[in-house]
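# Structural features, examined
Spelled out, the chains give:
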Amino acid sequence: MSEYNIQDLNDRKQEIIKKSVGLDYSAYEYDGIGFDYEKMMNTAGYDFDDVRNIQQSQMVGDTPLIELKNITRYARKFASKGYGARILLKDEASNLSGSFKARRAAMSIHKAKKLGYEGVIAATSGNYGAAVAALAAKHGLKCIIVQECFDSNNLAQPEILEKARACEAYGAEVIQLSVGPELFYTFLDLLDKTGYFNASLYSPYGVMGIETLGYEIATETKERFDKFPEVVICTNAGGGNLTGTARGILRAGAADTSIYGASVNLQGLHMASDNDFNRKSFTTGHTGFGIPFAVNPDRSDVPRSAARPMRYIDKYFTVNQGSVFFITEALAVLEGLERGPAGNTSLAAAFKLAQSMKEDEIIVVQESEYTGAGKHHQPQLSFAKKNNIDVTFGLPAKEVPGNNIVLPRSAKEISVEEIDLHRVRLSYLKRVADKALAEQDIDFLTQELNITREKLHQLIEEVHS
Amino acid sequence: MILNEGTFVRVRKHLLKQGERSEAVPEDTAQVPFKSWIKGRLLEEAELYESASIVTATGRVVKGTVKEVHPKYRHDYGNYVEEIQKMRETILSEVWGENNE
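Predicted model, so just to flag it, every value in this text is computed and none were measured. (Residues numbered from 1 in each chain as written. Chains lettered and ligands numbered in written order. Predicted model: local features only at pLDDT ≥ 70, side-chain atom pairs only at ≥ 80, totals over all residues.)

When helices and strands are tallied, chain A shows 18 helices and 13 strands. Here the C-alpha radius of gyration of chain A, 21 Å, is about what a compact globule of 465 residues would show, namely 23 Å. Relative to its 465 residues, chain A shows a buried fraction of 58%. Taking the intrachain contacts of chain A between residues at least 6 apart in sequence as the baseline, contacts between residues at least 24 apart amount to 77%. (Helix = DSSP H or I, 4+ residues; strand = E, 2+ residues; numbered from the N terminus. Rg over C-alpha atoms; globule rule 2.2 N^0.38 Å. Buried ≥ 20, exposed ≤ 12 C-beta atoms within 10 Å, placed from the backbone. Contact = placed C-beta atoms within 7 Å.)

This part covers the overall build of chain B. Looking only at helices and strands, one finds two helices and six strands in chain B. Ordered by position in the sequence, the α and β elements of chain B form the string β-β-α-β-β-β-β-α. Across the 101 residues that make up chain B, the buried fraction comes to 28%. A separation of at least 24 residues holds for 49% of the contacts in chain B among residues at least 6 apart in sequence.

On the side of chain B, 36 residues touch chain A, which itself brings 50 residues to the contact. At the level of elements, helix 5 (69-76), strand 4 (142-150), helix 8 (158-169), strand 5 (173-178), helix 13 (321-335) and helix 15 (377-386) of chain A are the ones that each hand at least two residues to the side of chain A that touches chain B. Counting residues per element, the side of chain A that touches chain B draws most heavily on helix 15 of chain A, at six residues. Pairing geometry for strand 5 of chain A and strand 3 (residues 34-42) of chain B, over two bridges, is antiparallel. (Pairing = 2+ DSSP bridges.)

This brings us to the pairing of strand 2 (residues 86-90) of chain A. All names here are of chain A. Burial analysis of strand 2 places five of its five residues in the buried class, which makes it a mostly covered element. Burial along strand 2 is two-sided: Arg86, Leu88 and Lys90 facing one way and Ile87 and Leu89 facing the other are all buried. Bridging between strand 2 and strand 10 (residues 362-365) involves four bridges; their strand directions are parallel. In the sheet register, Arg86 faces strand 10, and the bridge partner there is Ile362.

A few words on the sheet that holds strand 9 (residues 315-319) of chain A. All names here are of chain A. If you walk across this open sheet you meet the seven strands as 1-2-10-7-8-9-13, and the pairing is mixed. Edge strands, defined here as strands with exactly one partner in the open sheet, are strand 1 (65-67) and strand 13 (417-419). Along the sheet, successive strands turn relative to each other by an average axial angle of 30°, direction set aside. (Axes fitted to C-alpha atoms, helices over the stretch in contact; angles between N-to-C directions.)

With that settled, the discussion passes to the domain arrangement of chain A. Residue and element names in this part refer to chain A. Segmentation of chain A into domains returns domain 1 (19-54 + 99-203), domain 2 (59-97 + 205-419) and domain 3 (431-464). For domain 1 versus domain 2, the distance between C-alpha centres works out to 23 Å. Opposite the 47 residues of domain 1 that make contact, domain 2 presents 45 residues. For the side of domain 1 that touches domain 2, the secondary-structure elements that each account for two or more residues are helix 3 (37-42), helix 4 (48-56), helix 6 (101-114), helix 7 (127-138), helix 8 and helix 9 (183-194). Considering each element in turn, the side of domain 1 that touches domain 2 owes the most residues, seven residues, to helix 6. (Domains from an automatic or database assignment.)

All names here are of chain A. The phi dihedral of Asn154 is positive, around 60°, even though this residue is not glycine. Structurally, the position occupied by Asn154 is in the loop between strand 4 and helix 8. Residue Asn154 is classed as exposed on the basis of its C-beta count, with 12 C-beta atoms lying within 10 Å. Even without a glycine there, the phi angle at Asn388 is positive, about 60°. Considering the arrangement of structural elements, one finds Asn388 in the loop between helix 15 and strand 11 (390-393). In this structure Asn388 comes out as exposed when scored by C-beta crowding, with 9 C-beta atoms within 10 Å.

Our next topic: helix 13 of chain A. All names here are of chain A. For helix 13, built from 15 residues, the straight-helix expectation of 21 Å at 1.5 Å per residue is met to within 8% by its first-to-last C-alpha distance of 21 Å. Along helix 13, twelve of the 15 residues are buried, which leaves the element largely enclosed by surrounding structure. Listed in full, the buried residues belonging to helix 13 are Gln321, Gly322, Ser323, Val324, Phe325, Phe326, Ile327, Thr328, Glu329, Ala330, Leu331 and Leu334. The first or second residue beyond helix 13 is Gly336, which carries a positive phi of 70°. (Expected span 1.5 Å × (residues − 1).)

As a general rule, the predicted coordinates of low-pLDDT regions are not to be interpreted in detail. Across chain B, pLDDT averages 95, with 96% of residues at or above 70. In the predicted assembly, ipTM is 0.95 and pTM is 0.96. (pLDDT = per-residue confidence, 0-100.)

Glancing now at the packing of helix 13 of chain A against helix 2 (residues 82-96) of chain B. Contact geometry of helix 13 of chain A with helix 2 of chain B gives a least axis separation of 10 Å together with a crossing angle of 55°. With respect to their mutual orientation, helix 13 of chain A and helix 2 of chain B come out oblique. For the pair helix 13 of chain A and helix 2 of chain B, the crossing hand works out as right-handed. Here helix 13 of chain A contributes Phe326, Glu329, Ala330, Val333 and Leu334 of chain A to the contact with helix 2 of chain B, which in turn contributes Ile84, Met87, Arg88, Ile91, Leu92 and Val95 of chain B. (Parallel < 35°, antiparallel > 145°, perpendicular 65-115°, else oblique. Left-handed = near helix turned anticlockwise from the far one by under 90°.)

What follows deals with the environment of Glu15 of chain A. For Glu15 of chain A, the position within the fold is in helix 2 (residues 13-21). Residue classification places Glu15 of chain A among the exposed residues on the basis of 10 C-beta atoms within 10 Å.

As a further point, take the environment of His377 of chain A. Residues and elements named next belong to chain A. Its place among the elements puts His377 in helix 15. For His377, a count of 29 C-beta atoms within 10 Å puts it in the buried group. In this structure the C-alpha to C-alpha distance between His377 and Gly340, which are 37 residues apart in sequence, comes to 7.6 Å.

Relative to the assigned elements, Thr56 of chain B resides in the loop between strand 5 (51-55) and strand 6 (61-69). In sequence terms Thr56 of chain B and Val9 of chain B are 47 residues apart; their C-alpha atoms lie 9.9 Å from each other. Excluding residues within four positions of it along the chain, Thr56 of chain B makes contact with Glu173 of chain A together with Ile38, Gly40 and Val62 of chain B.

Given below as structure tokens:
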């Protein structure tokens, strides 16, 4: 006998989700493919000051912005004279529960409490679980975290095991699952049976929670350096981090600050594959989430995702796993900051990108995350070796995700690859290309892809040809 | 091994059998069952590796096969990794010079 019926859950999906999010998404829909994104963000029940107050009362936010002087000095060694931007790090590990995800969780939990739910559920193998569990604990709410965890040999990424431990430490019930997208049905089934709140990463309040991060970065940089940063770089997976940060930066008036995304390159690994699951060393911040969510933001667990990175991203880079491990080690031995590897994805990219920026320019790495047993480059490299992943030294371009991890022989070899946003936009448009597009659909698409109408028409033609 | 009521355990249950997996999964995943693991206290006396009901941290009652008594956290800092030591030496010498001790 199976636990639940996929067909039945699929049929009742809309109803279950609606009951669990406390938000009627139909209010933002209009005819055609689009919806009113700004209306959704602005009428979700909180304004920016509310978000700040809620977070401040919960020990969330106002994290240190640290100038990484030794890392900057290191990057300048490989830059031409007059080049090598200052690298700043927003030390989000200082948040309650150890990551920026506390900003999102603070809002979800506030909403759940306000609406009178008895408990909350989140589907996440990442830091968000610990954030939701910690804040639920603070508010006396019950909490269930659903994790994709084990392959069919019962092997789990050490990083995911650590996150399960953290959730349990905050009193949550953790449901660990084997590999597969059916996690979504377990999640739906739990929402249905418990009547708990869906603490989705993709709700408007969850993403609004990150606006404070962008705002703090912009205003503090301005205060200390008398100008806004030239670049803010975000580790990108589901897109909420980048979206919220960019919105906060705009709110602070830093319209000229460029927003870059960075993901670990896991090209070639199938995210739903039992065999591939433990052949990677990063469980988030990678292209396996970054690209699909950029192409189709609404593939999330709510009808309309508030995380819409293509609206804000100026450039998107990938780095290899080995470079992120290298920079994680450098951050510890040069700055005295021992932090988790996944959060350092954008730091690896910033290290390279700073070298082609002028030395009076500023690039801000907008997050770090806590580290500990399992969630650390040593257990992760040790685990990779046990899984017959070849750990070697050489050029990052030689890395083949799932086969090897190539560590740079020198920081000089850390490099980035730029993802062609033109191609991402084309993939986005392929999903809607065969539909008749009305005027408001065109408007929606220009906003979604952050392009002019003229450019949109060119892209649509390119999709059709 | 007989376990008393109230013993803290980890149970496993099968949620979907091989043939019931979502159409969206790749071939390798389709060939294995979809399983879950949950911890809680035994609601009744039970035997290790036999079926039993537990009550979880949120008070839910879940039935599964008892797989582990007093479940341990097995993740740690892993084995010594020579490559990390090499990176550390490279970084320190590139920034502070060759003779850094």
